[in-house]
Amino acid sequence: MGSDSEVEKSHQKEKERKKMLAIAPIAKPLAGKKLSKKTLKLVRKASEHKCLKRGVKEVVKSIRRGHKGLCVIAGNISPIDVITHLPILCEEAEIPYVYVSSKEDLATAGATKRPTCCVLVLTNPAKGELAPEEQEKIKTDYSQIVSDISELTSSLF
């Protein structure tokens with residue numbers, strides 16, 4: 001019968017609403033559904049090719065060492081003090097950053113079981129080399145998402 005799917009849809013909408021309520025007030029620029037989906041897909045590709053730094057400690061260390069990439073931060077972190085310094089570090093290093101709605105979704109895309117506060121998608125792998133076509137694929141996705149983020153940021157400020 002159709003009632004099961006309706007119940008499932010209502011539960012899914014309720015989960016989505018709870019996610020949006022848990023988002024921190026400093027989570028700007030917050031990616032919409034479409035940009036969030038693209039961003040998480042890029043994170044998944046980067047994790048498969050070892051072009052990803054996970055967690056606050058690793059991300060901060062990479063930024064301070066001068067690595068470039070895209071910083072993806074979860075918007076539902078509690079306490080918020082854990083990640084408040086990240087946007088400032090990213091702006092100083094001229095690294096684009098964006099917030100996504102859920103740390104659980106970010107962890108799933110990054111191939112970890114633990115919820116993750118933030119990840120840094122590197123343009124080049126940390127160790128070794130990628131095949132040229134894989135490198136090109138990641139670069140095009142990366143540049144597309146960065147341009148979307150810059151549009152989103154320009155509309156905020």
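Just so you know, these numbers come straight off a predicted model, no measurement behind them.

## With respect to the overall build of the protein chain
No. 1: Scanning the protein chain for helices and strands turns up 6 helices and 4 strands.
No. 2: Ordering the α and β elements of the protein chain from the N terminus gives α-α-β-α-β-α-β-α-β-α.
No. 3: Taken against the 2.2 N^0.38 rule, which gives 15 Å for 157 residues, the C-alpha radius of gyration of the protein chain at 16 Å falls within 12% of a compact globule.
No. 4: Expressed as a percentage of the 157 residues in the protein chain, the buried residues total 40%.
No. 5: When contacts within the protein chain are restricted to residue pairs at least 6 apart in sequence, those whose partners lie at least 24 apart make up 82%.
No. 6: Looking at the protein chain as shown, the accessible area adds up to about 9700 Å², and 54% of this sits on carbon and sulfur atoms.
No. 7: One way to put it: in the protein chain the 28 positive side-chain charges average out to a point 4 Å from where the 20 negative ones average out.

## Notes on the pattern of salt bridges
No. 1: One pass over the structure, following the stated rule, counts 2 salt bridges.
No. 2: For Asp-148, the salt bridge identified is with Lys-38, shortest N-O distance 3.2 Å. Taken as a pair, Asp-148 in helix H6 (residues 132–156) and Lys-38 in helix H2 (residues 33–48) lie far apart in primary sequence, 110 residues in all.
No. 3: The closest approach of N and O atoms between Lys-45 and Asp-141, which form a salt bridge, is 2.4 Å. Here the residue Lys-45 occupies a position in helix H2, and Asp-141 occupies one in helix H6, the gap between them amounting to 96 residues.

## Some words on the nonpolar core
No. 1: Val-43, Ile-63, Leu-70, Cys-71, Val-72, Ile-73 and Leu-106 are the most contacted members of the largest nonpolar core, which totals 42 residues.
No. 2: Taken together, the elements giving at least two residues each to this core come down to H2, helix H3 (56–64), strand S2 (69–74), helix H4 (86–92), strand S3 (97–100), helix H5 (103–109), strand S4 (118–122) and H6.
No. 3: Excluding residues within four positions of it along the chain, Ile-73 makes contact with Ile-83, Leu-86, Pro-87, Tyr-97, Val-98, Tyr-99, Val-100, Leu-106, Cys-117 and Cys-118.

## Quick look at H2
No. 1: In this model, H2 (16 residues) spans 23 Å end to end at C-alpha, consistent with the 22 Å of a helix rising 1.5 Å per residue.
No. 2: Among the residues of H2, those classed as buried are Leu-35, Ser-36, Thr-39, Leu-40, Leu-42, Val-43, Ala-46 and Ser-47. Buried positions in H2, seen along its axis, are confined to an arc of 155 degrees and lie on one side of it. Structural note: H2 exposes Lys-33, Lys-34, Lys-37 and Glu-48 on the side pointing more than 90 degrees away from its buried face.
No. 3: Looking at the buried positions of H2, the neighbouring elements they touch are strand S1 (52–54), S2, S3, H5, S4 and H6.
No. 4: Looking at the residues trailing H2, positive phi occurs at Lys-50, about 60 degrees.

## Concerning the packing of aromatic side chains
No. 1: Applying the stated criterion to the full structure yields 1 aromatic pair.
No. 2: An angle of 80 degrees between the planes, with centres 6.3 Å apart, marks the rings of Tyr-97 and Tyr-99 as edge-to-face. For the pair Tyr-97 and Tyr-99, one class covers both residues: buried.

## Some thoughts on the packing of H2 against H6
Packed helix pairs are characterised by how far apart their axes lie and by the angle those axes make with each other.
No. 1: Taken N-terminus to C-terminus, the directions of H2 and H6 make an angle of 150 degrees; their axes are 10 Å apart at the nearest point. Two packed elements cross with a definite hand, and for H2 against H6 that hand is left-handed. Each of Leu-35, Lys-38, Thr-39, Leu-42 and Lys-45 in H2 lies in contact with H6, whose residues at this interface are Lys-137, Ile-138, Asp-141, Tyr-142, Gln-144, Ile-145, Asp-148, Ile-149 and Leu-152.
No. 2: Of the residues assigned to the contact of H2 with H6, the class counts are 7 nonpolar, 2 polar and 5 charged.

Parameters at a glance
Residue indices follow the written sequence of each chain, beginning from 1 at its first position. In view of the model being predicted, local features appear only for residues whose pLDDT reaches at least 70, and side-chain atom pairs are presented and counted only at 80 or more, with totals across whole chains, interfaces and linings using the full set of residues. Computation of side-chain values covers all heavy atoms of the structure but excludes hydrogens and water. Secondary structure counts use DSSP, requiring at least four H or I residues in a row for a helix and at least two E residues in a row for a strand, with both numbered from the N terminus. Only C-alpha atoms enter the radius of gyration, while the globule expectation follows 2.2 Å times N to the 0.38, with N the number of residues. Burial classification: accessible surface area is computed with a 1.4 Å probe over protein chains only, and a residue below 20% of its type maximum counts as buried, one above 50% as exposed, and the rest as partly exposed. Working rule for contacts: check all heavy atoms of both residues, and any pair within 4.5 Å makes them a contact. Accessible surface is estimated by sampling points in the Shrake-Rupley manner with a 1.4 Å probe; for residues, cover comes only from the protein chains shown. Think of it this way: Lys and Arg go in the positive column, Asp and Glu in the negative one, and His and the chain ends go nowhere. For this purpose, a charge sits on NZ of Lys, CZ of Arg, CG of Asp or CD of Glu. Salt-bridge detection follows one rule: a side-chain nitrogen of Lys or Arg within 4 Å of a carboxyl oxygen of Asp or Glu. Definition of nonpolar core: a set of buried residues of the types Ala, Val, Leu, Ile, Met, Phe, Trp, Tyr and Cys, connected through side-chain atoms within 4.5 Å. What a helix should span is 1.5 Å times the count of its residues minus one. As used here, the arc belongs to the directions running from the helix axis to the C-beta atoms. Only rings of Phe, Tyr and Trp enter the pairing, Trp through its six-membered ring, and a pair is recorded when the two centres are within 6.5 Å. The plane angle decides the type: under 30 degrees is stacked, over 60 is edge-to-face, the rest tilted. All axes here are fitted lines through C-alpha atoms, helices being fitted over the stretch that makes contact, and every angle between N-to-C directions spans 0 to 180 degrees. Crossings are classed by handedness, with left-handed meaning an anticlockwise turn of the near helix from the far one by less than a right angle and right-handed meaning a clockwise turn. Classes in brief: Ala, Val, Leu, Ile, Met, Phe, Trp, Tyr, Cys and Pro nonpolar; Asp, Glu, Lys and Arg charged; the others, Gly included, polar.

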